[in-house]
Amino acid sequence: MSIQPTDTGDSPTAAAASPTDHRPDRWSGELLDLDAYTVRIGYDGPREPTLAVLHDLQRAHTTGIPFENVHAVLGRDLPLDLPSVEARLVRDRRGGYCFEHVLLFAAAVERLGFHVTGMIGRVSLGAPKVLPATHGLLAVTTRDDDRVWLCDVGFGAGPLGPIELADGAHVAYDGWQHRLERRPGAHGIDQWWLYQTAPGASGPDRDPERVPTPWIDRHTFTLTAQYPIDYVVGSHFVGTHARSPFVRRLFAQRMTPAAHHSLDDLTLVTTRPDGTSTTASIAPEALDGTLREVFGIALTQEELREIAARRTAAAAPGA
């Protein structure tokens, strides 16, 4: 298992660069307003490509910028070029879904000198069927450590720090547990599975004879490199296809060390690291206040009216 930069040296024998070589500008890090980004996530530490900095940056990003899909619910375009993503998540202080988070974080760590490789996964959450590959995530290497680190910054539910990309790797940031498993896949391409703890009992092998354990498979992925244009394709499905849940109703998430908050339309679930949770129904008129106070998301009155109108239309007979 190896994810390393392509040799683009000046040697006469060096291979000609291809469109998918690891160019230093691949994630547009040079375009990022790094000062504004670090203020947005509340990070004021060193700016060097070390493992300690990577840990701190991921924690700041995952707790500082919420997850939301307002654009998809309202049927609005979602450009994924870095200036557009930065304008939404940094300048306008909005949230975003996985592709926006991943592109912003990739630009930031690339700007700081980390090596970044994009990947894409299939969210499963215990589903028995194959779902589309529509979740962006990153493999990152640092200057002071030879290992490769999985940075899953766009799921909305942590982890709060990177996970070593190694079979059996396990982390427990502030009690939130995740682990990785590598399995043989078709044509010699290994499948990687990321598990998280969950209140319900499930097993990674889905064996009915297995003693129940509080793990659930979150998503699977391979180490095939992905590029910004690949995320544009995945985002188009997630944000426009009629079968995508993101076009049907509002989702928002906010991760903190003490609790994970999740809003599905008007249902608010708060889960703690020990797996206990509370569920509350939000009155339509309380949505604005809940988004602001719990998730740090301030919608315009026009957006709130349009979301309410779409909810009413979806609930109409025959819809």
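Just so we're clear, the structure is a prediction, and the values are computed from it rather than from any experiment.

Procedures and definitions
- Residues numbered from 1 in each chain as written.
- Predicted model: local features only at pLDDT ≥ 70, side-chain atom pairs only at ≥ 80, totals over all residues.
- Heavy atoms only, no water.
- Helix = DSSP H or I, 4+ residues; strand = E, 2+ residues; numbered from the N terminus.
- Buried < 20%, exposed > 50% of the residue type's maximum accessible area, 1.4 Å probe, protein only.
- Contact = heavy atoms within 4.5 Å.
- Areas by Shrake-Rupley, 256 points an atom, 1.4 Å probe, with all protein chains shown as cover.
- Core = buried A, V, L, I, M, F, W, Y, C linked by side-chain atoms within 4.5 Å.
- 1 Å grid on protein atoms, 1.4 Å probe; cavity = no way out; pocket = protein on both sides within 12 Å on 5 of 7 lines; lining within 4 Å.
- Points joined across faces, edges and corners; volume = space filled by probe spheres on them.
- Nonpolar A, V, L, I, M, F, W, Y, C, P; charged D, E, K, R; others polar.
- pLDDT = per-residue confidence, 0-100.

Caption draft 1: Layout of the overall build of the protein chain. The helix and strand inventory of the protein chain stands at 8 helices and 13 strands. For the protein chain, buried positions account for 50% of its 319 residues. If you take every contact in the protein chain between residues at least 6 apart in sequence, the share linking residues at least 24 apart comes to 59%. Here the protein chain has roughly 15100 Å² of accessible surface; of this, 53% comes from carbon and sulfur atoms.

Caption draft 2: Just the nonpolar core, in detail. In this structure, Tyr37, Leu54, Leu57, Leu104, Phe105 and Leu138 are the most contacted members of the largest nonpolar core, which totals 42 residues. For this core, the elements supplying multiple residues, two or more each, are helix H1 (34-41), helix H2 (51-64), helix H4 (82-91), helix H5 (98-111), strand S2 (115-123), strand S3 (133-142), strand S4 (145-151) and helix H6 (228-240). With 10 residues, H5 is the single largest residue contributor to this core. Those residues in contact with Tyr37, other than ones at most four positions away along the chain, are Leu32, His61, Val90, Leu104, Phe105 and Ala108.

Caption draft 3: Representation of the layout of surface pockets. Considered as a void within the structure, the largest pocket measures approximately 1400 Å³ in volume. Lining the largest pocket are 47 residues, with Val123, Leu125, Phe155, Phe246 and Gln253 positioned closest to its centre. When contributions to the lining of the largest pocket are tallied by element, the ones reaching two or more residues are S3, strand S7 (176-183), strand S8 (191-202), strand S9 (213-221), H6, strand S10 (251-255), strand S11 (260-264) and strand S12 (267-271). Partitioned by chemical class, the residues of the lining of the largest pocket number 24 nonpolar, 16 polar and 7 charged.

Caption draft 4: Expanded view of empty space enclosed by the protein. Inspection of every chain in the model, using the stated rule, returns 1 cavity of 30 Å³ or more. Taken as a whole, the largest cavity encloses approximately 90 Å³ of empty space. If you trace the largest cavity, you find 14 residues lining it, with Thr62, Ile65, His101, Val153 and Gly156 closest to the centre. The greatest single-element share of the lining of the largest cavity, amounting to 3 residues, is contributed by S10. Per-class residue counts for the lining of the largest cavity are 6 nonpolar, 6 polar and 2 charged.

Caption draft 5: The arrangement of unusual backbone geometry in detail. Omega for the bond connecting Gly158 with Pro159 falls within 30 degrees of zero, at 5°, which places this linkage in the cis form. Considering the arrangement of structural elements, one finds Pro159 in the loop between S4 and strand S5 (163-164). For Ser28, which is not glycine, the phi torsion reads 60° and is therefore positive. Of note, the phi angle at Leu125 is positive, near 50°, even though the residue is not glycine. With respect to the helices and strands, Leu125 occurs in the loop between S2 and S3.

Caption draft 6: Fine view of the confidence of the model for the protein chain. When pLDDT is averaged along the protein chain, the result is 89; 87% of the residues meet or exceed 70. When the criterion is pLDDT under 50, residues 4-14 qualifies, and its contacts beyond four places in sequence or with other chains add up to 8 contacts. Low pLDDT (under 50) marks residues 200-212, which in the prediction has 20 contacts with non-local residues, meaning those over four places away or in another chain.

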